[in-house]
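What the coordinates show
For reference, the chains in residue letters:
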Amino acid sequence: METYDIIVLGGGPGGYLAAERAAQGGLKVCLFEKRALGGTCLNEGCIPTKTMLNSAKLYRHATESAAFGVTSENVKFDHAQVVKRKAKVVKTLVSGVGMTMSANKVTVVNAGAVIDGKQDGKFKITADGKDYFSDRLIIASGSEASVPPIPGVKEGLESGFVTTNREILDMTELPKELAVIGGGVIGLEMACYFASVGVKVTVIEMLDKIAGPTDRDICKVLQAEYEKRGMIFKLSAKVLEVKQGAVVYEDAAGRQECPCDKVLLSVGRRPATKGIGLETLNIEMNRGAVVTDDTLATSVPNVWAVGDCNGKIMLAHTAYREAEVAVNNILGKKDRINYDSIPSVIYTDPEVASVGFSKEAAEKAGMKVKEANVPMMYAGRYVAEVDGGKGFCKIVYDTDRNRVVGVHMIGSYASEMILSAAMMVDTELPLERLKKFVFPHPTVSEIIRETLFKL
Ligand code: NAI
């Protein structure tokens, strides 16, 4: 009988970090993964998309840098090579996770595990016909693409005409016309890649703006930038049907058809919690997500749930922190997660990054706030490197509590700068203290300092 202190279900960022930390804490750990270690993030999310987006950025630099004194001829974009390199990058990182697991003596079982309730006080897990037992469970089963009941979508997925974030990354030929259903994070990042390399991209979004809860002014700048590059946006559009060669939708102008030879379906993700035996634990669920508190504990003692499966914030770095919090509590060290200071990034070009409350959300939460908004042109480095950029930085400041509660920006390096903003939000330092931080010159990050001084 194989018995462990902890069994982890799922080998994505939440699962593998939980396994690593628990093993470092002296516990005997077994991790189950039915696909590949690294989960969505490494295999079909963060890492492959950033690898591909970097190729698109290089191509754009090579073809659109005349104003900077750089011209080139016969620049070619080899999508198949991009996909090949992406596979290599993924393989390197996935094997790195495997090595970390074995270095920490975590038993990794490459199989789908199913919980089968409790037996003799221990959780029972079955995988490939074998039973495993454990004192504690960490559920880290991740998420999967939502597939809405739009006529033709199911058939399209079967024929390959419709793709999700998974299939689109392995396509070796560029489509001529791509229709993206859903102008959220996945839709925009993939649209950025394909539009940058010459594909005609149409984004069909049911809301009146792209990028979901992202600051409205940021969305306007991003959309205008994309439109300049030829991307088409159909907002407030209801998709009626997907048929071979077109997406049929309805907007204010009536019923329309968007011709395309490939469709990306990116209308959100849902927790992957079915078929893993959670019902045998009688665990509290909410719309398919495992309910957790701020220590990541579930309604069942000794069961924790980290990452996308708890439906809180579906980001790899959230899963990382959640894994740490869960394991710290398991090891007897009190820890809690603060979801209000978790940054989020959209890796478009220009990049979008934000943390904490928008002005509207802060006011809705009862705060008295002041907002400062400064164009990135106030940072010398930005002017030096970006021609006619429309980037900006917004800071939302709680005047009663004298602390920054939100930072939102669009522009180069935003993904790298947002950490300092997240630290301001998390540490709750008073404004006078924040103003004393010295930002290196010349960097685009100086925009944060400039904006602080406008409050
Ligand atoms: P999302 O929630 O970001 O966006 C989905 C969009 O689809 C929304 O704008 C929604 O209004 C729209 N929509 C829904 N149903 C529709 C319909 N029938 N027709 C047209 N539009 C429709 O979801 P997305 O982009 O699929 O991403 C899933 C998750 O992956 C998110 O939680 C995101 O945080 C995560 N992710 C994060 C990334 C990052 O951190 N850079 C990158 C990619 C994904």
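Another aspect to go through is the overall build of the protein. Along the backbone of the protein there are 14 helices and 24 strands. Here the C-alpha atoms of the protein give a radius of gyration of 23 Å, agreeing with the 23 Å that 2.2 N^0.38 yields for 455 residues. By principal-axis analysis of the C-alpha atoms, the protein measures approximately 70 × 60 × 45 Å. Scored against the burial criterion, the 455 residues of the protein give a buried share of 51%. As displayed, the protein has an accessible area near 21,100 Å², and 52% of this comes from carbon and sulfur atoms. On the protein, the mean spot of the 56 positive side-chain charges and the mean spot of the 56 negative ones are 2 Å from each other.

Quick look at empty space enclosed by the protein now. Going through the model one piece at a time under the given rule, you end up with one cavity of 30 Å³ or more. The computed volume of the largest cavity comes to approximately 30 Å³.

Another point: the domain arrangement of the protein. Domain annotation of the protein identifies domain 1 (2-145 + 270-337), domain 2 (153-267) and domain 3 (341-452). Between domain 1 and domain 3, the residue contacts involve eleven residues of the former and ten residues of the latter. When the two sides are added together, the surface that domain 1 and domain 3 hide from each other amounts to roughly 750 Å², 65% of it contributed by carbon and sulfur. For the domain 1 face of the interface with domain 3, the top three residues by lost area are Lys50, Phe68 and His317, together amounting to 44%. Seen at the junction of domain 1 and domain 3, the total is one salt bridge. Inspection of the region where domain 1 meets domain 3 yields two residue pairs in polar contact (both at pLDDT 80 or more). Counting only elements with at least two residues in the side of domain 1 that touches domain 3, the list comes to helix H3 (46-63) and helix H9 (316-330). Counting residues per element, the side of domain 1 that touches domain 3 draws most heavily on H3, at four residues.

Right, let's talk about the site of the ligand for a bit. Near the ligand there are 21 residues, and of these Ile186, Glu189, Glu205, Gly268 and Val345 occur at the shortest range. In this structure, an oxygen atom belonging to the ligand sits 3.2 Å away from a main-chain N or O atom of Val185. Note that a nitrogen atom of the ligand is positioned 3.3 Å from one of the backbone N or O atoms of Met206. If the ligand stood free it would expose 850 Å²; the protein chains cover 78% of that surface. When residues of the shell around the ligand are assigned to their parent elements, the largest contribution, four residues, is made by helix H7 (residues 185-196).

In this section: the environment of Arg449. Residue position: Arg449 is located in helix H14 (residues 446-452). When the C-alpha atoms of Arg449 and Gly11 are compared, they prove to be 40 Å apart, with 438 residues separating the residues in sequence. Leave out the neighbours within four places in its chain, and Arg449 touches Lys435, Phe437 and Phe439.

Right, let's talk about the packing of helix H1 (residues 13-24) against helix H4 (residues 79-103) for a bit. The contact between H1 and H4 brings their axes to 9 Å, and the two run at 25°. Classified by the angle between their axes, H1 and H4 sit roughly parallel to one another. At the point where H1 passes H4, the crossing takes the left-handed sense. Residues Tyr16, Ala19 and Glu20 of H1 form the contact with H4, whose own contacting residues are Val97, Thr100 and Met101. Classifying every residue of the contact of H1 with H4 by side-chain character gives four nonpolar, one polar and one charged.

Moving on to the pairing of strand E12 (residues 238-243). Across five bridges, E12 lies against strand E13 (residues 246-251) in antiparallel orientation. Paired with Val239 across the strands is Tyr249, a residue of E13. Remark: two residues form the turn of the hairpin made by E12 and E13, two consecutive strands paired antiparallel; Gly245 in that turn has positive phi of roughly 90°.

Quick look at unusual backbone geometry now. One can expect most non-glycine residues to show negative phi and most peptide bonds to be in trans. A cis geometry characterises the amide bond from Asp349 onward to Pro350, with omega recorded as 10°. The topology assignment puts Pro350 in the loop between strand E20 (344-346) and strand E21 (352-356). Geometrically, the link from His441 to Pro442 is a cis peptide bond, its omega value of -5° lying close to zero. Phi angles above zero are rare outside glycine, and Ser236 is one such case at about 45°. Considering the arrangement of structural elements, one finds Ser236 in the loop between strand E11 (232-234) and E12.

About the criteria used
- Residues numbered from 1 in each chain as written.
- Predicted model: local features only at pLDDT ≥ 70, side-chain atom pairs only at ≥ 80, totals over all residues.
- Heavy atoms only, no water.
- Helix = DSSP H or I, 4+ residues; strand = E, 2+ residues; numbered from the N terminus.
- Rg over C-alpha atoms; globule rule 2.2 N^0.38 Å.
- Buried < 20%, exposed > 50% of the residue type's maximum accessible area, 1.4 Å probe, protein only.
- Areas by Shrake-Rupley, 256 points an atom, 1.4 Å probe, with all protein chains shown as cover.
- Lys, Arg positive; Asp, Glu negative; His and termini not counted.
- Charge placed at Lys NZ, Arg CZ, Asp CG, Glu CD.
- 1 Å grid on protein atoms, 1.4 Å probe; cavity = no way out; pocket = protein on both sides within 12 Å on 5 of 7 lines; lining within 4 Å.
- Points joined across faces, edges and corners; volume = space filled by probe spheres on them.
- Domains from an automatic or database assignment.
- Contact = heavy atoms within 4.5 Å.
- Buried area = accessible area lost by both parts, 1.4 Å probe.
- Salt bridge = Lys/Arg side-chain N within 4 Å of Asp/Glu carboxyl O.
- Polar contact = N/O pair within 3.5 Å; in protein donor to acceptor, adjacent residues only side chain to side chain.
- Near = heavy atom within 4 Å.
- Axes fitted to C-alpha atoms, helices over the stretch in contact; angles between N-to-C directions.
- Parallel < 35°, antiparallel > 145°, perpendicular 65-115°, else oblique.
- Left-handed = near helix turned anticlockwise from the far one by under 90°.
- Nonpolar A, V, L, I, M, F, W, Y, C, P; charged D, E, K, R; others polar.
- Pairing = 2+ DSSP bridges.

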